[in-house]
Amino acid sequence: MASWKSGMGLERMSVEQVKAVKEQADLEVNLLQDSLSNIRTATSRLEIASSALNDLSLRPPATRILVPLTASLYVPATLHHPHHVLLDVGTGYFIQKTMPEGKDYCHRKINLLKSNFDQLLEIASKKKNVADEAGVILQAKLNQLASSS
Amino acid sequence: MREWSEYDWAGPLGLRKRKRKKKEEKQEGAQVALRNTNSSNAMSSSNLRDAQRELENKANDLSKLQKEIAKNHQMRKKYTVQLGENELVLKELDLLKDDANVYKLIGPVLVKQDLAEANANVRKRIEYISAELKRLDATVQDLEEKQNSKKDTIVKLQQRIQSLQAGKGKA
């Protein structure tokens, strides 16, 4: 209903106005798409963290592990406290939590991101519809102009 | 020898030249404004040129304003992101029990911090960022008002130039 109304509004606008609307909509669509991909990467990183926690909780204490210092340098170490983890919650703050709490944190974050993702996806698809509509009308108007002149 | 000549030509002389040019531009702008108020009805070609020059000046001002608005928007975006992050941290801190261990990353060192202290810190930061956001909103609004008035004057100037050109075409 809303898009139908905006479509009627667009048809009454001049070519320049439709063009401006289209450009604006395209810009917003791109921005939303960027945000979506950012959320996707964040979710995947949290999923990796969650699976790492799962992995870690399965190992008994004093297990020999290799810790990556850089991408290609690993040093041997032993696992001391597999029941506690430090979580980076942002802005430089770290919180010590137990293993189940840590897992819970990851799950909560993932769920939050997923709900944000769904909301954003809805908005993005709506915006994309508006942009497409503007593009179609712009094309029609340009064709009309070309045939009349 | 080469060094000396470079110094002489590109250095202070070039600078002085540029400065002088700027000064001339300023004076010209003032004169244009003066002449326009004196004889806004006269339809001479010099009047037209003056109007065009003024239009150019106004367009420059407008683009400067637009740049400033874009910069403000960027700042706003940055602060909004920080606000969101801080709010997430606060939510997380609120969920903690009183005896939880909280660490703060200072440079490369993790320093243990009181939960209450951390809480107060984050709250203060959120307060500050909110105030900053409000301030930025006010400036953006102010700038946008200025931009709109500039746009109006530019449209008026364009109309005047058009009418001047039409008058010249008839004569």
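Just above, that's the structure.
Residues numbered from 1 in each chain as written. Chains lettered and ligands numbered in written order. Predicted model: local features only at pLDDT ≥ 70, side-chain atom pairs only at ≥ 80, totals over all residues. Heavy atoms only, no water.

**Details of the overall build of chain B**
Consideration 1: Within chain B, the regular secondary structure consists of 3 helices and 2 strands.
Consideration 2: When the elements of chain B are put in sequence order from the N terminus, they spell out α-α-β-β-α.
Consideration 3: Expressed as a percentage of its 171 residues, the buried residues of chain B come to 25%.
Consideration 4: Nonlocal contacts in chain B, meaning residues at least 24 apart in sequence, comprise 73% of its contacts between residues at least 6 apart.
Consideration 5: Only carbon and sulfur atoms are counted for the fraction: they give 53% of the accessible area of chain B, which is about 12800 Å². (Helix = DSSP H or I, 4+ residues; strand = E, 2+ residues; numbered from the N terminus. Buried < 20%, exposed > 50% of the residue type's maximum accessible area, 1.4 Å probe, protein only. Contact = heavy atoms within 4.5 Å. Areas by Shrake-Rupley, 256 points an atom, 1.4 Å probe, with all protein chains shown as cover.)

**Side note on the pairing of strand β1 (residues 102-106) of chain B**
Consideration 1: Alignment of strand β4 (residues 93-98) of chain A against β1(B), held across 3 bridges, turns out to be antiparallel. Among the inter-strand pairings, A:F94 is bridged to a residue of β1(B), identified as B:Y103.
Consideration 2: With 5 bridges connecting them, β1(B) and strand β2 (residues 109-113) of chain B associate as antiparallel partners. Paired with B:L105 across the two strands is B:L110, which belongs to β2(B).
Consideration 3: Joining the antiparallel neighbours β1(B) and β2(B) is a turn of 2 residues, in which B:G107 adopts a positive phi near 65°. (Pairing = 2+ DSSP bridges.)

**Here we look at the packing of helix α2 (residues 15-58) of chain A against helix α3 (residues 99-148) of chain A**
All names here are of chain A.
Consideration 1: Put simply, α2 and α3 touch, their axes get as near as 7 Å, and they point 160° apart. One finds that α2 runs roughly antiparallel with respect to α3. In the packing of α2 onto α3, the handedness of the crossing is left-handed.
Consideration 2: Of the residues contributing to the contact of α2 with α3, the split by class is 28 nonpolar, 9 polar and 12 charged. (Axes fitted to C-alpha atoms, helices over the stretch in contact; angles between N-to-C directions. Parallel < 35°, antiparallel > 145°, perpendicular 65-115°, else oblique. Left-handed = near helix turned anticlockwise from the far one by under 90°. Nonpolar A, V, L, I, M, F, W, Y, C, P; charged D, E, K, R; others polar.)

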